[in-house]
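# Residue-level structure breakdown
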Amino acid sequence: MNFALIILIAANVLISFKALEDQLFFRKYEFHIGSIRAGEHLRMLTSAFLHVDIAHLAFNMLTLYFFAPVVSNYLGDGSFLLIYFGSLLCGSLLTLQFHKEEYSYRAVGASGAVTGILYAAILLQPGMDLYLFFIPIPIPAYLFGIGYLLYSIYGMKSRKDNIGHTAHFGGAIGGYLITIFKEPQLLTENTLMVILLAIPIIILFIMAKMGKI
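I will try to describe carefully the structure that is included in this document. (Residues numbered from 1 in each chain as written. Predicted model: local features only at pLDDT ≥ 70, side-chain atom pairs only at ≥ 80, totals over all residues. Heavy atoms only, no water.)

## Some details on the overall build of the chain
Of the regular secondary structure elements, the chain holds 11 helices and 4 strands. Against the 2.2 N^0.38 benchmark of 17 Å for 213 residues, the chain shows a C-alpha radius of gyration of 17 Å, consistent with a compact globule. The 213 residues of the chain split such that 48% are buried. Pairs at least 24 residues apart make up 74% of the contacts formed inside the chain by residues separated by at least 6 positions. (Helix = DSSP H or I, 4+ residues; strand = E, 2+ residues; numbered from the N terminus. Rg over C-alpha atoms; globule rule 2.2 N^0.38 Å. Buried < 20%, exposed > 50% of the residue type's maximum accessible area, 1.4 Å probe, protein only. Contact = heavy atoms within 4.5 Å.)

Structure (structure tokens):
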């Protein structure tokens, strides 16, 4: 395991445990639209190190643990951290844009950053297979990535759960764009995959432009 990944996981675990034991700490650093619009912009970063419970923390850290090495091995630790924090901020910015009039909207979790790493890993190694707990057969990574973002669009539109789908989607956009910026040869070497993974992103912005989401 690389040093950058160890530090990120340790920071998420320690800060999340602190927040779970201290509600004032949790409320001070969570993503909260009203507070952010009042000038507390640091929340857009700090909220990604808080989690609602142990299961939420464990799921994000396990996903990060499995996919971070793909990104680090291809691009190095510096680019891995750039994608992680860039995706984190993209997730927060997209959430702020979509929920800016909902002053009571709150969110926490590293999901945006982790989704960015996942999407970067899929771009870099689209031929890898993923296994889900409830499906005992391998799923091509690129199909999972496309399906996951299409589900996120559905979640953003339906709002039937407490999952931060907007942050996930923003994180994926960040991971997608930063990875292509770092590895522009993907545009020519893997053109079809770049186009396929862009389809859910294009759909989201068309729907937003039409007022459908």
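## Notes on the environment of D22
Turning to its location among the elements, D22 is positioned in the loop between helix 1 (3-21) and helix 2 (23-29). D22 sits 105 residues away from G127 along the chain, and the two C-alpha atoms are 43 Å apart. From its side chain, D22 meets the backbone nitrogen of L24 in a polar contact 3.1 Å long. (Polar contact = N/O pair within 3.5 Å; in protein donor to acceptor, adjacent residues only side chain to side chain.)

## Describing helix 9 (residues 165-182)
Spanning 18 residues, helix 9 covers 26 Å between terminal C-alpha atoms, matching the ideal 26 Å at 1.5 Å per step. Of all 18 residues in helix 9, 14 are buried, a share of seventy percent or more. (Expected span 1.5 Å × (residues − 1).)

## Examining the packing of helix 8 (residues 141-158) against helix 11 (residues 191-209)
Interhelical geometry of helix 8 versus helix 11 gives an angle of 5 degrees and a closest axis separation of 9 Å. Relative to helix 11, the element helix 8 is oriented roughly parallel. Contacts from Y142, I146, L149, L150, I153, M156 and K157 of helix 8 reach helix 11 at M193, L196, L197, P200, I201, I203, L204 and M207. Considered class by class, the residues forming the contact of helix 8 with helix 11 number 14 nonpolar, no polar and 1 charged. (Axes fitted to C-alpha atoms, helices over the stretch in contact; angles between N-to-C directions. Parallel < 35°, antiparallel > 145°, perpendicular 65-115°, else oblique. Nonpolar A, V, L, I, M, F, W, Y, C, P; charged D, E, K, R; others polar.)

## With respect to a nonpolar patch on the surface
Residues L42, L45, L81, F85, L89 and L93 make up a contiguous nonpolar surface patch of roughly 490 Å² in combined accessible area. Looking at which element gives the most residues to the nonpolar patch, the answer is helix 6 (residues 77-99), with 4 residues. Mapped onto the elements, L89 comes out in helix 6. (Patch = residues over 30% accessible without salt bridge, like charges linked within 9 Å, V, L, I, M, F, W, Y side chains within 5 Å. Areas by Shrake-Rupley, 256 points an atom, 1.4 Å probe, with all protein chains shown as cover. Salt bridge = Lys/Arg side-chain N within 4 Å of Asp/Glu carboxyl O.)

## Here we look at the nonpolar core
Ranked by internal contacts, the top residues of the largest apolar core, which has 53 residues, are L64, V71, F80, F169 and Y176. The set of elements that each furnish at least two residues to this core consists of helix 1, helix 5 (54-75), helix 6, helix 7 (111-124), helix 8, helix 9 and helix 11. When residues in this core are grouped by element, the largest group, 10 residues, is from helix 7. (Core = buried A, V, L, I, M, F, W, Y, C linked by side-chain atoms within 4.5 Å.)

## Comments concerning the packing of aromatic side chains
Each aromatic ring pair is summarised here by two numbers: the centre-to-centre distance and the angle between the ring planes. All told, the structure shown has 9 aromatic pairs when counted by the stated rule. Ring centres of Y151 and Y154 lie 6.3 Å apart, and the angle between their planes is 35 degrees; on these two criteria the pair is classed as tilted. Highlighted residues: Y151 and Y154, both in helix 8, separated by 3 residues, approximately one helical turn. The class for Y151 is partly exposed, based on a relative accessible area of 40%. Through successive ring pairs, a cluster of aromatic residues spans F49, F80, Y84 and F85. (Phe/Tyr/Trp six-rings, centres within 6.5 Å; stacked < 30°, edge-to-face > 60°.)

## Details of the pattern of salt bridges
This structure, assessed with the given rule, holds 5 salt bridges. One salt bridge in this structure joins E30 and R27, with 2.9 Å as the shortest N-O distance. On the basis of relative accessibility, which here comes to 2%, the residue E30 falls in the buried class. Measuring nitrogen to oxygen at the nearest pair gives 2.6 Å for the salt bridge that ties R43 to E40. Residue classification places R43 among the buried residues on the basis of a relative accessible area of 8%. Through salt bridges that share partners, R27, E30 and R106 make up one connected network.

## Focus on the packing of helix 5 against helix 7
Look at helix 5 against helix 7: their axes get within 8 Å of each other, and the N-to-C directions meet at 40 degrees. Along this stretch, helix 5 crosses helix 7, giving a crossing that reads as left-handed. Of the residues in helix 7, those touching helix 5 at H56, N60, T63, L64, F67, A68, V70, V71, Y74 and L75 are S111, V114, I117, L118, A120, A121 and L124. For the contact of helix 5 with helix 7, a count of residues per class yields 13 nonpolar, 4 polar and no charged. (Left-handed = near helix turned anticlockwise from the far one by under 90°.)

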